[in-house]
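Examining the three-dimensional arrangement
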Amino acid sequence: MQLVLLARLLSVGRAVLAALRGRLGALCWSLAPLPLSLSLPLSLSLPWRDSSPRPQREQEGGDAAPTPTSVNYHFTRQCNYKCGFCFHTAKTSFVLPLEEAKRGLAMLKEGGMEKINFSGGEPFLQDRGEFVGKLVQFCKQELELPSVSIVSNGSLIRKQWFEKYGEYLDILAISCDSFDEDVNVLIGRRQGKKNHVENLHKLRQWCREYAVAFKINSVINRFNVEEDMNEQIKALNPVRWKVFQCLLIEGENSGEDALREAEKFVISDEDFDRFLDRHKNVSCLVPESNQKMRDSYLILDEYMRFLNCRNGRKEPSKSILDVGVEEAIKFSGFDEKMFLKRGGKYVWSKADMKLDW
């Protein structure tokens with residue numbers, strides 16, 4: 001009987017110890033600000049740690065690691081929309097504790113990050129925008145990053161969010177693939193009866209009121225490839241109109257273990273070129289083909305692992321929280337030359353933009 005009781009006590013003790021270790025990083029942050037010069041994080045028993053093989057290094061010039069100048073942090077995979085071509089799907093519901101996310105962002109800043117882009121999933125789902133708002137404020141106010149941006153479908157953003165956090169945000173990018181609501185329904189970019197296009201115009205006005213640069217992202221696919229968007233884009237006058245060619249990623253929107261089947265959305269390179277030619281007079285147009293997209297982005301997942309997309313699927317590095325930025329980024333597959341070639345570095349701080357708010 002005593003042995004059984006002892007075994008139970010040991011089991012409970014192990015569970016408590018594991019929980020305490022999992023929160024150790026957040027506790028350290030709250031007790032004393034983490035020096036940006038700290039290059040290696042504490043070794044924690046966190047859910048992303050594993051010993052599986054990493055993608056092969058693909059850096060030019062030996063083991064030299066690229067600089068994380070611009071980083072896309074997909075801190076959540078959860079979304080309230082069901083876009084059929086989505087290439088970052090809700091495979092987990094995990095979100096880092098806020099202080100752990102801040103710790104990772106501080107490490108990235110120390111590693112050379114100048115621009116952070118928060119994405120998802122839908123970033124405004126977590127605590128109805130408070131989570132991303134606090135990260136935006138932290139990055140601008142404490143890390144003093146030149147550029148802080150968000151990509152969102154816009155459906156959950158409220159004016160009160162701009163009132164609280166707008167001053168810390170440089171760019172808000174809203175995903176809009178069509179100005180025809182029937183097409184948005186076909187794509188899955190809609191929830192309930194809310195009109196996506198009408199909401200887009202409302203967000204555009206709020207960006208003017210709160211001095212946030214406004215951007216539009218569009219995925220060109222089978223259902224919108226013949227659409228003429230010249231008039232609508234010029235009327236909205238975004239600082240940039242990112243036009244992506246629909247991309248297949250195995251395990252995300254293609255293949256047996258995928259949550260989407262995007263094959264029916266795919267268009268040819270020729271179709272994409274025809275769409276671009278139709279909109280060549282839109283001065284803010286920034287086109288991105290599959291080739292440019294695949295290896296010219298630094299993508300962090302919800303565990304702060306860099307995702308290597310060079311082989312047509314997202315292969316994760318180890319988390320920067322476990323091994324540091326310099327080591328993890330070596331497995332990212334990131335092509336700095338393509339990043340610069342596609343125009344990844346531009347005037348991205350609203351303090352440097354000459355805009356008619």
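Scroll up to find the structure.
As the structure is a computational prediction, the values presented were derived from the model and not from experiment.

Describing the overall build of the chain
If you tally the helices and strands in the chain, you get 13 helices and ten strands. Counting every position in the chain, which comprises 357 residues, the buried fraction comes to 53%. Sequence-distant contacts, at least 24 apart, represent 76% of the contacts inside the chain between residues at least 6 apart. Taken as a whole, the chain presents about 16900 Å² of accessible surface, with 51% of it coming from carbon and sulfur.

Thoughts on the packing of aromatic side chains
The full count for this structure, using the stated rule, is 15 aromatic pairs. Both rings, one in tryptophan 161 and one in phenylalanine 162, keep their centres 6.0 Å apart while their planes meet at 90°; by these two values the pair is edge-to-face. Overall, tryptophan 161 belongs to the buried group, its relative accessible area being 6%. Centre to centre, the rings of phenylalanine 223 and phenylalanine 265 are 5.2 Å apart; their planes meet at 65°, and the pair counts as edge-to-face. Of this pair, phenylalanine 223 sits in the loop between strand E5 (213-220) and helix H8 (230-236) while phenylalanine 265 sits in the loop between strand E6 (240-245) and helix H9 (269-278), and the two are 42 residues apart along the sequence. Among the residues examined, phenylalanine 223 registers a relative accessible area of 26% and is labelled partly exposed. An aromatic cluster is present here, built from Phe124, Trp161, Phe162, Tyr165, Trp206 and Tyr210 joined pairwise through their rings. Lying across the ring of tyrosine 346, arginine 240 places its NZ or CZ 3.6 Å from the centre.

Quick look at helix H7 (residues 196-209)
Taking 1.5 Å as the rise per residue, H7 with 14 residues should run 20 Å; its terminal C-alpha atoms sit 20 Å apart, in good agreement. Packing partners of the buried residues in H7 comprise helix H5 (159-165), strand E4 (171-175), helix H6 (181-187), E5 and H8. In this structure asparagine 195 caps H7, since a side-chain oxygen of it lies 3.0 Å from the backbone nitrogen of valine 197. Alanine 211 occupies a position one or two residues after H7 and carries a positive phi of about 55°.

Some remarks on the side chain of arginine 305
Assignment of secondary structure puts arginine 305 in strand E9 (residues 305-308). At 2.8 Å, the side chain of arginine 305 forms a polar contact with the side chain of aspartate 301.

Side note on the packing of helix H3 (residues 98-110) against helix H4 (residues 130-142)
At a closest axis distance of 11 Å, the pairing of H3 and H4 adopts a crossing angle of 35°. Every pair of crossing elements has a handedness; the one defined by H3 and H4 is right-handed. Between H3 and H4, the residues in contact are Leu98, Ala101, Lys102 and Leu105 and Phe131, Lys134, Leu135, Phe138 and Cys139, respectively. Tallied by class, residues from the contact of H3 with H4 come to seven nonpolar, no polar and two charged.

Let's talk about the nonpolar core
In this structure, Tyr73, Leu105, Ile116, Phe118 and Trp241 are the most contacted members of the largest nonpolar core, which totals 69 residues. Dropping the residues within four chain positions of it, isoleucine 116 is found in contact with Val71, Tyr73, Leu105, Cys139, Leu145, Ser147, Val148 and Ser149. Counting 17 residues, the second largest nonpolar core, distinct from the first, contains Cys83, Phe244, Ala262 and Met293.

Notes on the environment of phenylalanine 162
Among the secondary structure elements, phenylalanine 162 is positioned in helix H5. Note: C-alpha distance between phenylalanine 162 and glycine 133 (29 residues apart in sequence) is 9.3 Å. If sequence neighbours within four positions are ignored, phenylalanine 162 has contacts with Ile157, Leu172, Leu203, Trp206, Cys207, Tyr210 and Val212.

Some words on unusual backbone geometry
In the segment running from glycine 120 into glycine 121, the intervening peptide bond is cis, with an omega of 15°. One can find glycine 121 in the loop between strand E2 (115-119) and H4. Non-glycine residue alanine 211 carries a positive phi angle of around 55°. Positionally, alanine 211 belongs in the loop between H7 and E5. A relative accessible area of 27% places alanine 211 in the partly exposed class. Phi is positive for methionine 304, close to 60°, though the residue is something other than glycine. Inspection of the secondary structure assignment puts methionine 304 in the loop between strand E8 (299-300) and E9.

Rules used throughout
- Residues numbered from 1 in each chain as written.
- Predicted model: local features only at pLDDT ≥ 70, side-chain atom pairs only at ≥ 80, totals over all residues.
- Heavy atoms only, no water.
- Helix = DSSP H or I, 4+ residues; strand = E, 2+ residues; numbered from the N terminus.
- Buried < 20%, exposed > 50% of the residue type's maximum accessible area, 1.4 Å probe, protein only.
- Contact = heavy atoms within 4.5 Å.
- Areas by Shrake-Rupley, 256 points an atom, 1.4 Å probe, with all protein chains shown as cover.
- Phe/Tyr/Trp six-rings, centres within 6.5 Å; stacked < 30°, edge-to-face > 60°.
- Lys NZ or Arg CZ within 6 Å of the ring centre and 35° of its normal.
- Expected span 1.5 Å × (residues − 1).
- Polar contact = N/O pair within 3.5 Å; in protein donor to acceptor, adjacent residues only side chain to side chain.
- Axes fitted to C-alpha atoms, helices over the stretch in contact; angles between N-to-C directions.
- Left-handed = near helix turned anticlockwise from the far one by under 90°.
- Nonpolar A, V, L, I, M, F, W, Y, C, P; charged D, E, K, R; others polar.
- Core = buried A, V, L, I, M, F, W, Y, C linked by side-chain atoms within 4.5 Å.

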